[in-house]
Each structure stands twice: as C-alpha cells, then as structure tokens.
Amino acid sequence: MCGIVGYIGNQNAVDVLVKGLEKLEYRGYDSAGVAIIDHGNLKVSKHKGRLTILENEVKKEGLTGHIGIGHTRWATHGEPSDRNSHPHPNNDESLAIVHNGIIENYMAIKERLQDKGYVFKSETDTEVIAHLIDYYYEENLREAVQKAVADLTGAYAIGVVHKDHPDQLVVVRKDSPLIIGMGHQENFIASDIPAVLKYTRDIYILEDGDLAVVTQNDIKMYDLKGEPIIKKVYHVDWDIAAAEKGGFDHFMIKEIHEQPKAIQDTYSPRITDDEKIVLDDIKITKEDLENIDQIYIVACGTAYYAGLVGKSFIEEFVDVPVIADVGSEFRYNKSFINEKSLMIVVSQSGETADTLAALRLAKERGARVMAITNVVGSTIAREADDLLYTWAGPEIAVASTKAYTTQIVAFGLVALDMGYKKGSIDDTTYKEMIKAIKNLPRQTQEVLDYEEEIKKVAELIYDTTHAFYVGRGIDYNIAREGSLKLKEISYIHAEAMAAGELKHGTIALIERGTPVIALVTEQALYEKVISNIKEVKARGAFVIAIAREGDTEIEKTADKVIYIPDTANGFSAVLSVMPLQLLAYHVAVMRECDVDKPRNLAKSVTVE
Ligand code: M6R
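All of the points below concern the structure found in this document. Please read these numbers as outputs of a predicted model, since none were measured by experiment.

What counts, and at which threshold
- Residues numbered from 1 in each chain as written.
- Predicted model: local features only at pLDDT ≥ 70, side-chain atom pairs only at ≥ 80, totals over all residues.
- Heavy atoms only, no water.
- Helix = DSSP H or I, 4+ residues; strand = E, 2+ residues; numbered from the N terminus.
- Rg over C-alpha atoms; globule rule 2.2 N^0.38 Å.
- Buried < 20%, exposed > 50% of the residue type's maximum accessible area, 1.4 Å probe, protein only.
- Areas by Shrake-Rupley, 256 points an atom, 1.4 Å probe, with all protein chains shown as cover.
- Near = heavy atom within 4 Å.
- Polar contact = N/O pair within 3.5 Å; in protein donor to acceptor, adjacent residues only side chain to side chain.
- Core = buried A, V, L, I, M, F, W, Y, C linked by side-chain atoms within 4.5 Å.
- Contact = heavy atoms within 4.5 Å.
- Pairing = 2+ DSSP bridges.
- Axes fitted to C-alpha atoms, helices over the stretch in contact; angles between N-to-C directions.
- Parallel < 35°, antiparallel > 145°, perpendicular 65-115°, else oblique.
- Nonpolar A, V, L, I, M, F, W, Y, C, P; charged D, E, K, R; others polar.
- Expected span 1.5 Å × (residues − 1).
- Phe/Tyr/Trp six-rings, centres within 6.5 Å; stacked < 30°, edge-to-face > 60°.
- Lys NZ or Arg CZ within 6 Å of the ring centre and 35° of its normal.

## Quick notes on the overall build of the protein chain
Scanning the protein chain from terminus to terminus reveals 18 helices and 25 strands. Its C-alpha atoms give the protein chain a radius of gyration of 25 Å, near enough to 25 Å, the size a compact globule of 608 residues would have. With respect to the three principal axes, the spread of C-alpha positions in the protein chain is 75 × 55 × 45 Å. The proportion of buried residues among the 608 residues of the protein chain is 60%. Approximately 23,300 Å² of the protein chain is accessible, and the part contributed by carbon and sulfur atoms is 47%.

Given below as structure tokens:
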C-alpha cells in the first residue's frame, strides 16, 4: 500500500525522505518519488521500481532542499510507471502532492477540470487533487487544500508542497492513516510511525477531517471548516529495534520467534493475580450480552482465519451462534445484522478497507462493534465501541505470523470474558482455559526449538509445485492459514481442504510424492482424519502430520510427524500453526523468494 513521508527542517530533505520511505517499504510498492523545493524551484523525481532506483536518480540529478514530500506507490488506477508515480505536480509545476487512498469521484472532477483547460499527464485518480488545489489556490495554500478536499469523495491522506510557500507542508486525511512527527527545529509527516522514529518519538495521529500546516518550528491543526483544533501528543514507547530485523535474516522469521513474548504481552496485563480476565476497553455488560442474539466476525486474509478459531471459542463459551465472513463479501451480502447483533472485526493494521467498511455498515444498522487490532490509534480502533489490542508490536513482514497467534489469544480472552459475564461458562472450564493461555509462551517456545527439524522437512518439499493442507474442525482452519503462508511467500500452489472433502474431487490431484500436510490435533475427530490420510497415502501422497505430543500411532500412517505440546482445544491453533509458519518460511528461503515482500502483495490493504 502507498507510503507517504514529508520533511521540513535543516537536514537535506532528500536524504530524510528516502530513508523514511525505506522504513515504509514493508507496506508494498511498485514505484517511488520525491518532490523538493530546491532553490525556489519545485523539482520532482519519480521512478517505477525499487527505492534504490530513486536513490540513484536523485543523486545524479543533484537534488537538494530543506522541504519535500516522498511517496511509495502501490498501483490502483493506472499501471506501475514513472508517469503514474507520485508526487503529482499541477500544470505549471508550482505545487506537488502525494496521496494514499482512492478518490472515487475522480472521473467527474477530471472532466470538469479538463473543460477548464487542465492537462492530465497520468492515469491516476490522484492527479485530480493537484489540479483541484491549483484551481482553488489564491495565495493561501491551506485554504486551497481545504476547498479541494471538500470536492473529493473517497479515501485520502494527502501531503502538499508549493514553491511559493517553501516554509510549509500542508496535510489532510480521511480514511487513510497519517501522522505528524515533532522534531527539534524540524518536523515530519508519514503514513506510519517507523518512518519518523529515527528522529522523534512524539507524534500527532491525524483523524478523519484533520488538516495541518507544518512548518519548521510549528504545527497548526484545523478542522475542515478551517477552525483551529488541539490534539494530544502521542509518545511512542516501543523501541526502534523492535521495528528492525534484530539479527535475523528476515522480518518474518524474527516475528515468528517473537511469538512467545507477543502472546505473553497480549494476555498478561489482562489476567489478574486471582486468575480473572479484565479487559479495560471492553465495556459490554451481562445485560448487553443477554440482548445479543447473533455475533458476526468479519476480517480479511489471515485475520479472517483467526476469526474462524474465534468463532469456535465464542460458540462454545458464550453460547451464541456466530457467522464469520470475509470483509469483501460481507459488505455486499444480504445481511441480517441489527441492534441485537455484535460484530467483531479483526485487523492487524486496523486500516483494512473491507474490514472497515463492514464495521461502518454494522454501526449504521445499530449493531455494537468490537475490534481486535494491533495498531494503536488505527481507524478501526477508533471507530469500534469495544476494543482489544493485540500487543504483538509492529509486524513488518507482509506475511502475518505473530498477529495471527495473538489474535487467537485475544479471541480466547474475549470469549472467556463474555462467557463469564453471561454465566455460560462453568468455573472449572474458565480456570482451565486461563491456565492453557498462561502455558502458551513456554509451549510456543518449545515448538520454535524444533525449527531445525522443520527445516529438514522443508528440504524434502521445497521444489514441489503443489501442496495440500488438510484437517477437520479447528485443524481445518489452521490448514487454511498454513496454506496461505506457503503460497504467499513461496509461490507454491497450496490448497487447504476439509479432510473429509478430499474424496469429493480434489483427491484427483494427488500423485506420487504430492505433499499433503495433515493436521491431526482434534482429538474428537482423530480416527476420521487418519482414514482421510490413508486415502491420500494410497494414492502416493507424501504426508507430513502435525500431531499432539504422545501420539505415536500417527507414525504408522504419516511419512513425517511434527509434534506440538498438548493444550486445550482452540489454543492448539496457536501451537500447530507455528510449524506451518516455519515450514513456509524455510521453503521460501530455499526457493530464494523475497520473503518479507512477496510479489503482488501489500502489508496493509487500504483499498477495496
Ligand atoms: O491488517 P489486516 O489484519 O486487516 O490485514 C488483513 C489481511 O490483508 C492480512 O491478514 C493478510 O492476509 C496477511 N498479510 C497474509 O499473511
């Protein structure tokens, strides 16, 4: 997804922008550019491809200045190209803008501006913003930006520079993240905190409709009517090292290894010494719960797969039927959501467009919305009625790992808390589940200690073209997450199946040596899965089983077995997904793939 950085101060803005954009690379991009006010002139340099291309070009061009904006683009309107990259200037090149989001009514605005003589050079929706600001500009840049955004429908975080205002950056946001970093005689703008963390820990998190004029020594904020507003400074207390690789080869493997701590950080402040769950930002009461007759869980990708595990927890402990759906489908399906419904949205970034749209739809229908998210101050966090942060720390690798396992822990806490309040869970189960949660950091570490063995298994399958993941019950949901991990980072076609469904078609694809990763941790369905494994074995499959410690029986059927420690049902998802994360990682490394930034993917999907 697009990344924005802006700078004003005494340093060379070009260096600060390029370094800041590097920190946003994890968001995914296909081109990059900067606009600098260089000795009174606006200079724009923008190029398709990696940031190193931009870095070489700005050096060749000798670009320098003390104010500028930078951007990494992930194409939506118009192919990745130099011409479509940001920043976009107006026709006389007096101003330039960077934008993150999508302008839905850009065609109508474009036609209007073309009629007035404006010439468009790109296929982007963004370029209309540059011309619109130019159209409204009458010496006051802030007012021109304010008037321009009043014409826009859609999502935007926008940064603007103008050569006649070399002392100010103007920024505005709606539905796309933007922060302002406060330095000493210098200030910054960015889409995300890691871009400015090298320079400052004091930031403002802009909210929808916030507009700011940022100068070297001052930050003035306004609403969209031009009225001044005051915002609270947020102090970032996590370390910059937390956002960097810390000795590992890739962010993904670092984040896989951070899971014991991330899980502990997520539950430990929420379990009291007398073994009670206390969730500060979940205000839902026993009476509220008694009025809820349906719970919806909506999320995308990995977060959705965590939601499927959450569905099992909630149905079991809260005794309410749960419908789980992906954000992109939910918003267009006929939905029966109403004031007697609770929607739980799950999102690592807290900015995923489809999940956010579902949240807003639910609120429109009078439903209560609870959010499980990892990013403090994100849009989803701000708009939900009840909130539970996963304290996983920044997740940089595109492939989600620690976000998934902490989301499952968060679901466990929420389901137990709601069940306890409602009286739908007995004391013994409540205590046993808390105990199971508290064992997870030690048990996840035990699984991680098995990495070398898993690497050996990766060696056996890394050159395959297809792989199948099977399981039943919760194991089927973990199979889905495991197959997503493999395909997104190693580009191996991987498919997850309910093990009992194989014989209804997919088994036709099993040949001698086809890897089948079988999850066999659901005790109630154990015999059934064994039968399904035998069916694929009979057709030549190479079976890798993920089984519970002590299950020696499985060794008679599977070719390789990876054991996970015993835990309560549901939390087995946390333990059995980890060998699958490690397997996907080592296969991808063996195939020399760009593990942290897989092709065609973005970390944060803020467009529909
Ligand atoms: O930020 P979110 O959790 O809302 O992101 C949702 C999905 O885009 C995300 O989980 C995606 O599927 C993972 N990066 C895949 O590993």
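After presenting the structure, the write-up continues.
## Overview of the site of the ligand
Taken together, 13 residues lie near the ligand, and Ser 347, Gln 348, Ser 349, Thr 352 and Glu 488 sit nearest. Here an oxygen atom of the ligand sits 2.6 Å away from a polar atom, N or O, in the side chain of Ser 347. Val 398 is positioned such that a nitrogen or oxygen atom in its backbone is 2.7 Å from a nitrogen atom of the ligand. Put simply, the parts of the chain that give the shell around the ligand at least two residues each are α9 (301–317) and α16 (474–490). At three residues, the largest contribution of residues to the shell around the ligand is made by α9.

## Section: the nonpolar core
Counting residues in each nonpolar core, the largest one holds 121 residues, and the members touching the most others are Ile 295, Phe 313, Ile 314, Ile 344, Leu 416, Met 418 and Tyr 469. Broken down by element, the residue count for this core peaks at 12 residues, all from helix α18 (residues 572–590). Apart from the residues within four sequence positions on either side, Leu 416 is in contact with Ile 277, Phe 317, Ile 425, Tyr 430, Met 433, Ile 434 and Ile 437. Among the nonpolar cores identified, the runner-up in size contains 27 residues, and Phe 120, Ile 133, Tyr 156 and Ile 158 belong to it.

## Points about the sheet that holds strand β20 (residues 386–389)
Working definition: the strands of a sheet are paired by backbone hydrogen bonds and lie parallel or antiparallel to each other. Reading across from one edge, β17-β16-β18-β19-β20 is the order of the five strands in this open sheet, with parallel pairing throughout. Edge strands, defined here as strands with exactly one partner in the open sheet, are β17 (322–326) and β20. With direction set aside, neighbouring strand axes in the sheet form an average angle of 15°. Relative to β20, strand β19 (residues 368–373) runs parallel, the two being bridged by four bridges. Counterpart to Thr 373 in the pairing with β20 is Tyr 389.

## Let's talk about the packing of helix α13 (residues 402–422) against α18
Running from N to C, α13 and α18 cross one another at 175°; their axes reach a closest spacing of 10 Å. As far as their axial angle goes, α18 and α13 are roughly antiparallel. Each of Tyr 404, Thr 405, Ile 408 and Val 409 in α13 lies in contact with α18, whose residues at this interface are Ala 573, Val 574, Val 577 and Gln 581. Residues belonging to the contact of α13 with α18 are distributed by class as follows: six nonpolar, two polar and no charged.

## Here we look at α13
Three or four residues apart is the spacing at which side chains of an α-helix point the same way, because the helix has 3.6 residues per turn. When the terminal C-alpha atoms of α13 are compared, their 30 Å separation across 21 residues agrees well with the 30 Å that a helix rising 1.5 Å per residue should span. Judged by how many residues are buried, α13 sits mostly within the fold: 18 of 21 residues are covered. Two residues or fewer after α13 comes Gly 423, characterised by a positive phi angle close to 85°.

## Here's the deal with the environment of Val 172
Secondary-structure assignment places Val 172 in strand β8 (residues 169–174). Apart from the residues within four sequence positions on either side, Val 172 is in contact with Val 145, Val 149, Tyr 156, Ala 157, Ile 158, Leu 178, Asp 210, Leu 211 and Leu 224.

## Focus: the packing of aromatic side chains
Enumeration according to the criterion identifies nine aromatic pairs in this entry. Plain terms: the ring middles of Phe 188 and Tyr 199 are 4.8 Å apart, the flat faces sit at 20° to each other, and that makes the pair stacked. Taken together, the positions of Phe 188 in strand β10 (residues 187–190) and Tyr 199 in the loop between β10 and β11 (202–205) put the pair 11 residues apart, joining distant regions of the chain. For Tyr 199, a relative accessible area of 21% corresponds to the partly exposed category. Put simply, the rings of Tyr 7, Phe 188 and Tyr 199 touch in pairs and so form one group of aromatic residues. Looking at Arg 142, its charged tip hangs above the ring of Tyr 222, at a distance of 4.1 Å from the centre. In this arrangement the basic side chain of Arg 599 is found over the ring face of Tyr 491, its NZ or CZ atom lying 3.8 Å from the centre.

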